[in-house]
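Below, each chain spelled out in residue letters.
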Amino acid sequence: MPYCLSNLVSSQKAAFTLAEILITLGIIGIVAAMTIPTLISNYQTKTTVIKLKQARSIIANAIDLAQVENGTINQWTCTDAADCADMYYNNISKYLKITKDCGNIYLPSKLCYDSQNQDYKDLNGVRYTFCSQGYSALLSNGMGIVLCPRMDNNDLWWGTYATIKVDINALAGPNVSGKDVFSFEIADPYSNWDKVNKPQLLPEGQRLYPEYCLDYTDTNKCTFWVLKYENMDYLKCPEKLSVNGSTSCDGD
């Protein structure tokens, strides 16, 4: 019987060489370096949008309940800045779950619940001041707020009765307006500014100058951008964006 020569060849199993493994790992590392930052950024943006919507809902509900109990805000009366700050805070705060009351603070750029007592900044790196007279508090959900009346006699200032600044992750950074600090207005929603309409909670930028977010003239206006377009692309490609045109870096 003839002997098969193939029996003389020992069988070999296919395997990757060390060089091939190193090349594969290198490619995986490059792809990860390119994609992970984008994934992290997208996740942070989605988290910010969710938290900001939650803040809007909580505060708007508190304002509505305060107006049921005390009449519409355009009927509230106060005298000087301290009196107006007291009035707003006392009327609204009872409907918020507060874990730390910081009291009335003058020209705050630092908030009492911040254990590191950090200065707040805007997107230009300039020191951010919340208001000339207002109350600061830490909420049970980890957000911080500063409530600031706009006029001493509770009159309208460009259609606004008061502003409420929200730090959506109060005990963490970066403490930057337009990143984790956002601003709402208690305002006349129809821009008649005649103290007749029932005031509502509106994101800053909804009524006036939303484009100021894009050139960082007023980063308070970024609140409207985040809630309207559900992105923070003004941090990545502000030169490509427009309130009347493209609203994302992808050109949508």
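It should be noted that the structure appears before, not after, this text.
The shown structure was predicted, so the numbers you read here are calculated from the model rather than taken from an experiment. Residue numbers here run from 1 along each chain, matching the order of that chain's written sequence. Selection of residues for local features in this predicted model requires a pLDDT of at least 70, selection of side-chain atom pairs for listing and counting requires 80 or more, and totals for whole chains, interfaces and linings are taken over all residues. Hydrogens and waters are ignored; side-chain quantities use all the structure's heavy atoms.

Turning our attention to the overall build of the chain. Going along the chain from the N terminus, every DSSP run of H or I of four or more residues is numbered as a helix, and every run of E of two or more is numbered as a strand. Of the regular secondary structure elements, the chain holds three helices and six strands. For the exposure calls, accessible area comes from a 1.4 Å probe over protein chains only, and a residue counts as buried if that area is under 20% of its type's maximum, exposed if over 50%, partly exposed in between. Counting all 252 residues of the chain, 42% fall into the buried class. Here, residues are in contact when the closest pair of their heavy atoms is within 4.5 Å. For the chain, long-range pairs separated by at least 24 residues make up 52% of all intrachain contacts whose partners lie at least 6 apart in sequence. Reported accessibility uses the Shrake-Rupley method at a 1.4 Å probe radius. Residues are deemed covered only where the shown protein chains occlude them. As displayed, the chain offers around 13,800 Å² of accessible surface, 55% of which is attributable to carbon and sulfur atoms.

This part is about the environment of Lys-165. Considering the arrangement of structural elements, one finds Lys-165 in strand β4 (residues 160-167). For the pair formed by Lys-165 and Val-181, sequence separation is 16 residues and the distance between their alpha carbons is 6.9 Å. Setting aside chain neighbours within four positions, we find Lys-165 in contact with Tyr-128, Phe-130, Gly-144, Ile-145, Val-146, Phe-182, Ser-183, Glu-204 and Asn-220. We call two N or O atoms a polar contact when they sit within 3.5 Å, provided that within protein one can donate a hydrogen and the other can accept it, with sequence-adjacent residues counted only if both atoms are side-chain atoms. Within the local environment of Lys-165, its side chain forms a polar contact with the side chain of Ser-183, the two groups lying 3.2 Å apart.

Between 30 and 60 degrees the pair is tilted, below 30 it is stacked and above 60 it is edge-to-face, where a pair is any two Phe, Tyr or Trp rings, Trp via its six-membered ring, whose centres lie within 6.5 Å. Under the defined criterion, the tally for this structure stands at eight aromatic pairs. Ring pairing ties together the aromatic residues Tyr-120, Tyr-128 and Phe-130, which thus form one cluster.

Attention shifts here to the nonpolar core. Put simply, buried Ala, Val, Leu, Ile, Met, Phe, Trp, Tyr and Cys residues joined by side-chain atoms within 4.5 Å make one nonpolar core. Ranked by size, the top nonpolar core spans 46 residues in total, and within it Tyr-88, Ile-92, Val-166, Ile-186 and Tyr-234 carry the most contacts. Secondary structure elements with two or more residues in this core: α1 (18-70), α2 (81-93), β2 (133-139), β3 (144-149), β4, β5 (181-187) and α3 (222-229). Here this core gets seven residues from one element, more than from any other, and that element is α1. With near-sequence residues (within four places) excluded, Tyr-88 lies in contact with Ile-73, Trp-76, Ser-93, Leu-147, Pro-149, Asn-154, Tyr-161, Ala-162 and Ile-186.

What follows deals with the state of the cysteines. Between two cysteines, a covalent bond joining their sulfur atoms is known as a disulfide. The disulfide criterion is simple: two cysteine sulfur atoms within 2.5 Å. Per the counting criterion, the structure on display carries four disulfides. There is a disulfide in this structure between Cys-78 and Cys-84, and the S-S distance comes to 1.9 Å. Here the S-S torsion is close to 85°, and the disulfide linking Cys-78 with Cys-84 is therefore right-handed. Using a relative accessible area of 10% as the deciding quantity, one classes Cys-78 as buried. On the basis of relative accessibility, which here comes to 0%, the residue Cys-84 falls in the buried class.

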